[in-house]
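Coordinate analysis (summary)
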Amino acid sequence: MAMNQEKLETMSGYMDKQSPKFPFPWQKRFFRFQLKPKPIVLYYQKPSDTTPKGTIAADKIAEVLKTKRTRLVISLVSTARKYYLRTSTAENCDNWYEALQTLVEITQAKPNEQKVKRSAAAVAETKENMECMKLVHKNLVAGLRQATAILQNKACFQKFAQFMEHQSYFDLGSFAPIFGNYFRAVLAFKNPNIEVNLKLDDVSSVDIEALKFLGFLDEVAETAFLPQITAEKMEALLNAAAQKTTEKINRYIKEAEATKDPELIGGLKKIAGLFLCLLN
């Protein structure tokens, strides 16, 4: 059942909006609707702000979805970008979903025109989603380089790696093989079995895998997506990779807690946090 316009005009409240920038944190925002002169969604940092942090034009919304992962997340798919919103309760989610659906409905002047608009919007959405994934990949590569740098810069990681019967500190990250497989599944490498060759002069054996991974990331940054890959498929694979990586690093954190080394524990937790933020 659609919400009446009077109720829509007075509806407001907090939701969490996921940032599109790595590491994709959830940001608390105050939302309200404006119907005139043009229906839009406005969101602010706090209710007393006079200038919104952002707006979503109702006539740019292709569809409103409640995601399958959790009913507490609402996706707005627009021709500008894809938004993820999260409410505190299922009831609030239902109310906001109903309100957003109503907002879209009142912007539909003619059914036939809207059908054409939605078709064009769907094409635009596919293109914009892929552009969004390009940005995600750029930030992801930066995050993986940051995680590698954390492991490289502390002697405590090599000492702990040896305690865990690993050859190199880089084995603690766990992310290299997992995200290596992810990138091979979504990027059009000329050689899917790409290997980075290093000049081994003056390179310590414990640094080899880290340096090879950094070289691999250079290749990733220059490689296009597979023609047949979709943003939805990439998102699912990315979430799976982040989940697997987070679980592995958390097991190392549990072992590291016995050392009571704050640098070691803090570094591993920081790396885990980078990948945890990828999960919705």
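Quick caveat, the model's predicted, so the values are computed rather than measured. (Residues numbered from 1 in each chain as written. Predicted model: local features only at pLDDT ≥ 70, side-chain atom pairs only at ≥ 80, totals over all residues. Heavy atoms only, no water.)

This paragraph deals with the packing of aromatic side chains. The geometry of two aromatic rings is summed up by the distance between their centres and the angle between their planes. By the definition in use, this model includes 15 aromatic pairs. An aromatic cluster is present here, built from Phe-170, Phe-175, Phe-179, Tyr-182, Phe-183, Phe-189, Phe-213, Phe-216 and Phe-275 joined pairwise through their rings. Geometry around Tyr-14 places Lys-28 over its ring, the cationic atom sitting 4.5 Å from the centre. (Phe/Tyr/Trp six-rings, centres within 6.5 Å; stacked < 30°, edge-to-face > 60°. Lys NZ or Arg CZ within 6 Å of the ring centre and 35° of its normal.)

Examined against the element boundaries, Ile-208 turns out to sit in helix H6 (residues 208–221). Owing to a relative accessible area of 21%, Ile-208 belongs among the partly exposed residues under this scheme. Along the chain, Ile-208 and Ser-168 lie 40 residues apart, while their C-alpha atoms are 8.7 Å from each other. (Helix = DSSP H or I, 4+ residues; strand = E, 2+ residues; numbered from the N terminus. Buried < 20%, exposed > 50% of the residue type's maximum accessible area, 1.4 Å probe, protein only.)

An α-helical turn contains 3.6 residues, so a residue and the one three or four places further along point in the same direction. Among the residues of helix H4 (residues 155–163), those classed as buried are Cys-156, Phe-157, Gln-158, Phe-160 and Ala-161. Positive backbone phi, at 65°, marks Glu-165, one or two positions downstream of H4.

This part covers the pattern of salt bridges. Summed over the entire model, instances satisfying the criterion amount to four salt bridges. Arg-86 is paired through a salt bridge with Asp-16; the nearest N and O atoms lie 3.3 Å apart. One end of the pair, Arg-86, is in strand S7 (residues 82–86); the other, Asp-16, is in strand S1 (residues 12–18), and 70 residues separate them in sequence. (Salt bridge = Lys/Arg side-chain N within 4 Å of Asp/Glu carboxyl O.)

This part covers the pairing of strand S4 (residues 54–57). Residues of S4 alternate between two faces, with Gly-54 and Ile-56 buried on one and Thr-55 and Ala-57 left unburied on the opposite face. Pairing between strand S3 (residues 40–44) and S4: four bridges, direction antiparallel. In the sheet register, Val-41 faces S4, and the bridge partner there is Ile-56. (Pairing = 2+ DSSP bridges.)

Quick look at the side chain of Ser-168 now. Position of Ser-168 relative to the elements: it lies in the loop between H4 and helix H5 (175–186). A distance of 3.1 Å separates the side chain of Ser-168 from the backbone nitrogen of Phe-170, its partner in a polar contact. In this structure the side chain of Ser-168 is engaged in a polar contact, spanning 2.5 Å, whose partner is the backbone oxygen of Val-206. Dropping the residues within four chain positions of it, Ser-168 is found in contact with Gln-158, Ala-161 and Val-206. (Polar contact = N/O pair within 3.5 Å; in protein donor to acceptor, adjacent residues only side chain to side chain. Contact = heavy atoms within 4.5 Å.)

Geometry only, nothing functional implied.
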